[in-house]
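Working through the structure, step by step
In case you want the letters, here they are:
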Amino acid sequence: MHPEARRILESVLHAIEHAAPITLDRAEQYGGAIGDYWIQFEGEDDLLHCVVRRLDNAPLTMQEAHRLVEPFFGVMPKGLVWCKPTETAVHYYVGHDPFWQAHQHGTRSADQGNPDCQTG
């Protein structure tokens, strides 16, 4: 796992465990650059939102975004992640508790892998 992805994941999991809001005013704590991309988490109550975009704001494909969020959502059972692609970003939504629980178990089963998100 990319060191910046690990740092972001640990910050998000720590906030969820301590019921702390994950706010955009602390963007550097819950987001960061990984190569040519920016990944940002935010969330309050029980919904976690992650957005992936290119640093140059060029168009982003679902395949690029899925590859980047694999460390975050790859352990999630399929169907629990909802995503919304736009021209320059992909937004992912998942419940705090399932996200935290999946990372506590940290193993993949046959129904887990690269994010297979529900789109709407």
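Keep in mind the model is a prediction, meaning the values are calculated, not measured.

**Here's the deal with unusual backbone geometry**
- With a phi close to 55 degrees, A19 is a non-glycine residue in the positive phi region.
- By the element assignment, A19 lies in the loop between α1 (3–17) and α2 (27–30).
- For N57, which is not glycine, the phi dihedral falls at a positive 60 degrees.
- Note on placement: N57 falls in the loop between β3 (47–54) and α3 (62–73).

**Details of α1**
- End to end, α1 covers 21 Å across 15 residues, agreeing with the expected 21 Å (1.5 Å per residue, within 8%).
- Along α1, the residues classified as buried are A5, I8, L9, S11, V12, L13, A15 and I16.
- At its buried positions, α1 is contacted by α2, β1 (31–34), β2 (37–44), β3, α3 and α4 (96–105).

**Brief notes about the pattern of salt bridges**
- Within this structure, the stated rule accounts for three salt bridges.
- With its nearest N and O atoms 2.8 Å apart, the salt bridge here joins E4 to R7. You can see E4 and its partner R7 sitting in helix α1, three residues apart, about one turn around the helix.
- For R54, the salt bridge goes to D56, with nearest N and O atoms at 3.2 Å.
- According to the relative accessible area criterion, R54 is buried, its value standing at 16%.
- Among the charged side chains, a salt-bridge network with shared partners connects R54, D56 and E64.

Rules behind the numbers
- In this convention, every chain numbers its residues from 1, walking through the sequence in written order.
- For this predicted model, a pLDDT threshold of at least 70 governs which residues receive local features, and a threshold of 80 or more governs which side-chain atom pairs are given and counted, while totals over whole chains, interfaces and linings are taken from all residues.
- Working from all heavy atoms in the structure, the side-chain values ignore hydrogens and water.
- For helices the rule is a DSSP run of H or I covering at least 4 residues; for strands it is a run of E covering at least 2, with both sets numbered from the N terminus onward.
- Expected helix span is given by 1.5 Å per residue-to-residue step, counting one fewer step than there are residues.
- Working definition: with a 1.4 Å probe on protein chains only, accessible area under 20% of the residue-type maximum means buried, over 50% means exposed, and in between means partly exposed.
- Residue contacts are defined here by distance: any two heavy atoms, one from each residue, within 4.5 Å place the two residues in contact.
- Salt bridges are defined as contacts in which a side-chain nitrogen from Lys or Arg sits within 4 Å of a carboxyl oxygen from Asp or Glu.

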